[in-house]
Amino acid sequence: MDNRRTLTNHVRRMAESLVRMGVIHAVISPGSRSTPLAYALASTEQIETHLHVDERSAGFFALGLAKAAQVPVVLLCTSGTAASNYHPAVTEAFYARVPLIVITADRPHELRDVGAPQAIRQMGLFGPHIKYDVDLPIPEDSAAVDDYLERQIARSIGMAVTEPKGPVHLNAPFREPLLIDFEQELPSVTFSERIGGQASLSTEQKEQVGELMCSATRGLLVMGECNPGFDKTKLWAFAERMNWPVVCDPLSNLRSEVPESSRHLCIDSYDAFLKNESFAAQAGPDTVIRMGPQPVSKPLTLFLKKFRPQTVIVVDESPIFRDPLGIATHHLQASVMDVLSIETSTLQETAYTDLWSKANGIAAMMTESYRSGEVHEGDYVRTLLASLPSGSDLISGSSMPIRDLDTYFRKTDRDIAIFSNRGANGIDGVVSTALGIQTARKRPSWLLIGDLSFMHDVNGLLISRMQTMDLTIIVSNNDGGGIFSYLPQASIPNHFEQLFGTPTGLSFAPLAEMYGIQYDSVSSIEQLEARLAEEKTAPLRIIEMISVRDRNVLAHRELWSAIGEELDRNGF
């Protein structure tokens, strides 16, 4: 077999093996050394390829695709620093448990560490933020190499989709010449498919957990981020059987499509009313079941850490269960659905549930009715949320956007899904993640993001020149890092603006013009309402909301204070 046929067989075998293991998306960045595999992926009908010239943004676009579609997504780049640019997305994927198949093309072994161009040490590049890595063999005419290649791809993807899910790295060296034969017949792949399973509880274990639940007199269910497709009806049926209040993180997506019979159990304003010390002193649970990662809310974190309930059950399919508070007493390595199937014979008394429900109603009412003298970010977010149609997705930036959603996104009958990068909680790559999510789900999407986070990933917009998107980007422009104004360093004026406020004085109008994006700037609620009511005239749209950092902080604190005073008046 000549070199070209050998190379073609090698990369075609890789592509076919990826398909057999469930890959349907590949995000490719242009480069020379990755040419043969890029050709193989692009010419494979079962794989949809997405082109992105910026590897850093490409990584987050793939992350969004994999997060939303719940399938492994391939990332392919050339050799050298191109691969280094994947590291932020790989890190987020590792901590967010998102299956990415990172394939980095490489120079052959004889060109490593000898001063050859675009040749860096790619093995081990992602350090501890990878679940599995392998240096694949150079293409050669060998049945043993063919078998090894197929099984390494199967093993890698098996690792990526096994709990805890996460990224894997395949380093693929190629020698020149790099062109393949498009007419060559496909190779016969012998390793057919992976049939996976999941951890589950035995009958005896279910009985043990049921006893723990039935012994609770003040039980609380805490729901963190849930993956798309989570069966909310089973969760609410479980909560109704138990009569436990359910603390619903915005990323749990349990605040949307809430059944009428469960609305009193859906606790969505806890971040506000747990700041009230009097209420918190009365509301300590004796038993907590947490499903998913720890929610965003810091007041909830402090509340649970202070009370250290007698029984804290963390449900996690991975043995590497998440317990950042150090209060877990039981780890259930099982699927959430397995736990929700547990039957219990004892309902919790209503007094404790009513305590949470009443406080939640007061906080929600105050949040909806509160108005300050000047416009602030909370007003904008509340207005945006009221305008979202059913059947849409909202992607949130980290820092203040997700916290404002925690405050202002109330339980609703509408189908609205919320996503955010909360693995490492970084502000980078958010635009690309949003575009990846929209590509996977194909629903009208909105992105709520701060000005600095948007600047971090403006290159993410490049992919919109390659394929059609449907995204409205709501940029909260307070001219700097808004969240720092809530932190202790804000009380020390020396160097605050230079080191933390970091004002840029930039407007995004020229950026929108460069990309041909519909653009509006608003500085009042009336203007935002009018713009949101207008029809989009382009696939991408930017609405820049102007606010003042100091006013945002004051308005938030006024609202929290008003909620606390109302709770006090109601006897909490």
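Read on for an overview of the structure. Keep in mind it's a predicted model, so treat the numbers as computed, not measured.

Here the bond from Glu163 into Pro164 is cis, since omega is -5°, no more than 30 degrees from zero. Mapping Pro164 onto the fold places it in the loop between helix H6 (143-161) and strand E6 (168-173). Across the junction of Glu176 and Pro177, the peptide omega takes the value 0°, indicating a cis bond. Mapped onto the secondary structure, Pro177 falls in the loop between E6 and helix H7 (203-214). Despite not being glycine, Arg97 shows a phi value in the positive range, around 60°.

Let us look at helix H5 (residues 87-96). Of the positions making up H5, those classed as buried are Ala89, Val90, Thr91, Glu92 and Ala93. Buried residues in H5 make contact with helix H3 (55-69) and strand E4 (100-106). One or two steps after H5, the chain reaches Arg97, where phi turns positive at roughly 60°.

Okay, the nonpolar core next. Core analysis: the biggest nonpolar cluster contains 55 residues, and Phe273, Phe279, Trp356 and Leu394 have the highest contact counts within it. In terms of residue count, the dominant contributor to this core is helix H13 (residues 350-369) (seven residues). Excluding anything up to four places from it in sequence, Leu394 contacts Leu384, Leu385, Leu388, Leu405, Ala417, Ile418, Phe419, Trp446, Leu447 and Leu448. Within the second largest apolar cluster, 47 residues are counted, among which are Ala66, Val73, Phe419 and Met469.

Turning to the pattern of salt bridges, a few remarks are in order. This model, assessed by the stated rule, comprises 27 salt bridges. Between Arg541 and Glu534 there is a salt bridge, with the nearest N and O atoms lying 3.7 Å from each other. Classification of Arg541 as buried rests on a relative accessible area of 3%. Owing to a relative accessible area of 35%, Glu534 belongs among the partly exposed residues under this scheme. One network of salt bridges, in which partners are shared, links Asp393, Asp415, Arg441 and Arg443.

Procedures and definitions
Residues numbered from 1 in each chain as written. Predicted model: local features only at pLDDT ≥ 70, side-chain atom pairs only at ≥ 80, totals over all residues. Heavy atoms only, no water. Helix = DSSP H or I, 4+ residues; strand = E, 2+ residues; numbered from the N terminus. Buried < 20%, exposed > 50% of the residue type's maximum accessible area, 1.4 Å probe, protein only. Contact = heavy atoms within 4.5 Å. Core = buried A, V, L, I, M, F, W, Y, C linked by side-chain atoms within 4.5 Å. Salt bridge = Lys/Arg side-chain N within 4 Å of Asp/Glu carboxyl O.

This is a description of form; function is not addressed.
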